[in-house]
Amino acid sequence: MLTATVSTKGARRWAAGHPWIYRSDVLDAPADDAGAVRVTDQRGKPLGIALWSPRSEISLRLLSSNADATIDAPWWHHAIGRAIARRSGLDRETNAFRLVHGEGDGLPSLVVDRYDQWLVVQLMSAGLEHFRSDIVQALLDHLSPAGILARHDVSLRAKEGLSQDVELLFGAVPEEIEVREDAVRFLAAPWHGQKTGAFLDQRENRTLVGRVARGRALDCFSYHGSFALHLARQASHVVALDSSAHALVRAEENFRRNGLTNGEFIEANAFEYLKVQERARVRFDTIVLDPPAFAKTRSALQAALRGYKEINLRAMRLLSPGGVLFTASCSYHLTKPLFLEMLEAAAADSGRRMVLRELRGQAVDHPELLTVPETGYIKGALLEALD
Ligand code: SAH
């Protein structure tokens, strides 16, 4: 097996529970192609086995701290089996959930989402790509899916020197798959939709909001209406708003699919819409803000914070007395403390007394490893206007 030697700094990262070692901490690299390598420290002490990506800034991703492990088909079968077992029981609530959440499941750069009897995978490192057939075989053995689709149209793959395409790896995968999420049904779009076809990471937050929703409701970044559908079961009227007309066509279809007739679909910029509603002194009893990541890079954080504060401040002002706001951010660079600070500042400027009823994170099938901050990105808060 090929070997890589890492610096003390690199070794310390692993010791502190983070599986990545950067290029600058690799002292002696294997010349060969991507795959698995045995890693030692400067004194030759074996540290474990890692995925090796020759072209990436993230050179090594720890797979096993047992340096004698053999990374073969049975290894992948076992490791993927453990991740699947961790989700047991979830299929009672839904037929669509994440089976492997990369580093959060100890399987760096691997994502596997299940949509009913189909799987959507993302192999996001060169080292992992080397094991594609073992991974596909393990998924077939454990789950007998009707089809496996690779959503490899992600920019991360470019950094690894890998192609960016959407590719069928096994069987057949339909254009649309019906997702059952508690009492709601909606269509996922595995080939062309965002992420792997739907936003599975907010599932439990949608259920929560569905329980507390009432009166006139507004879902501001609605996409295919997944929050709006949960709102509509309890609220009298739901405005589903998105800047994408195409997304709203889907949202409207999803309302019909659930036999819901209390939806209104508005194509608009949420910033503008909230401003206009505030001026017109409109009130909502329930509001959801689930925007796209405003801070895609660390340098964009300050501008992003202003954006988050603005929409939250306006949403707070739009709430009727006793009204509830579920607000979220999926920007990894906006940390939990900064998210809370932003909400506190928005509340202070809103002129409303806002109660924090619940702090939330991402769905349970997206496990967040405390030593790997990159595994957690969703922050959510359920707020209530006191008066
Ligand atoms: N809440 C959704 C996911 C939202 S994704 C769910 O749980 O499934 C973010 C959505 O915001 C996208 O559909 C995008 O079209 C929309 N969007 C982005 N910028 C916007 C803006 N300024 N105003 C309104 N919608 C916007």
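Small disclaimer: the values here were computed from a predicted structure and weren't measured.

(A) Representation of the environment of Leu289 within the structure. Topologically, Leu289 is positioned in strand S17 (residues 284-289). The spatial distance from the C-alpha of Leu289 to the C-alpha of Ala328 is 6.2 Å, given a sequence separation of 39 residues. Every residue in contact with Leu289, bar those within four places of it in the chain, is listed here: Cys220, Phe221, Leu274, Ile311, Asn312, Ala315, Leu325, Phe326, Thr327 and Ala328.

(B) The pattern of salt bridges, seen in detail. Applying the stated criterion to the full structure yields 26 salt bridges. The partner of Arg317 in a salt bridge is Glu278, with the nearest N and O atoms 3.0 Å apart. One end of the pair, Arg317, is in helix H10 (residues 301-318); the other, Glu278, is in helix H9 (residues 270-279), and 39 residues separate them in sequence. With a relative accessible area of 27%, Arg317 lands in the partly exposed category. Of the residues examined, Glu278 reaches a relative accessible area of 22% and is grouped as partly exposed.

(C) Quick look at the side chain of Ser7. For Ser7, the location among the structural elements is in the loop between strand S1 (3-6) and helix H1 (8-15). What makes Ser7 buried here is its relative accessible area of 11%. Every residue in contact with Ser7, bar those within four places of it in the chain, is listed here: Asp25, Leu27 and Gln42.

(D) Summary view of the packing of helix H2 (residues 73-85) against helix H4 (residues 132-143). Where H2 contacts H4, the two axes come as close as 9 Å, and the packing angle between them is 50°. When the axes of H2 and H4 are compared, the pair comes out oblique. Note that H2 runs across H4; the crossing there is right-handed. Across from Ala73, Trp76, His77, Ile80, Gly81 and Ile84 in H2, the residues of H4 making contact are Asp134, Ile135, Ala138, Leu139, Asp141, His142 and Leu143. For the contact of H2 with H4, the residue count by class is eight nonpolar, three polar and two charged.

(E) Structural view of the domain arrangement of the protein. Taken domain by domain, the protein consists of domain 1 (3-64), domain 2 (73-177) and domain 3 (199-385). Computed from C-alpha atoms alone, the centre-to-centre distance between domain 2 and domain 3 is 29 Å. Our count for the contact surface shared by domain 2 and domain 3 stands at one salt bridge. A salt bridge links Glu176 to Arg250, with the shortest nitrogen-to-oxygen separation between them at 3.2 Å. Counting the contacts that link domain 2 with domain 3 gives five residue pairs in polar contact (both at pLDDT 80 or more). Put simply, the parts of the chain that give the side of domain 2 that touches domain 3 at least two residues each are strand S7 (96-101) and strand S8 (110-115). Per-element tally for the side of domain 2 that touches domain 3: the top contributor is S7, with four residues. Within the side of domain 2 that touches domain 3, the residues separate by chemical class into four nonpolar, three polar and six charged.

Conventions we followed
Residues numbered from 1 in each chain as written. Predicted model: local features only at pLDDT ≥ 70, side-chain atom pairs only at ≥ 80, totals over all residues. Heavy atoms only, no water. Helix = DSSP H or I, 4+ residues; strand = E, 2+ residues; numbered from the N terminus. Contact = heavy atoms within 4.5 Å. Salt bridge = Lys/Arg side-chain N within 4 Å of Asp/Glu carboxyl O. Buried < 20%, exposed > 50% of the residue type's maximum accessible area, 1.4 Å probe, protein only. Axes fitted to C-alpha atoms, helices over the stretch in contact; angles between N-to-C directions. Parallel < 35°, antiparallel > 145°, perpendicular 65-115°, else oblique. Left-handed = near helix turned anticlockwise from the far one by under 90°. Nonpolar A, V, L, I, M, F, W, Y, C, P; charged D, E, K, R; others polar. Domains from an automatic or database assignment. Polar contact = N/O pair within 3.5 Å; in protein donor to acceptor, adjacent residues only side chain to side chain.

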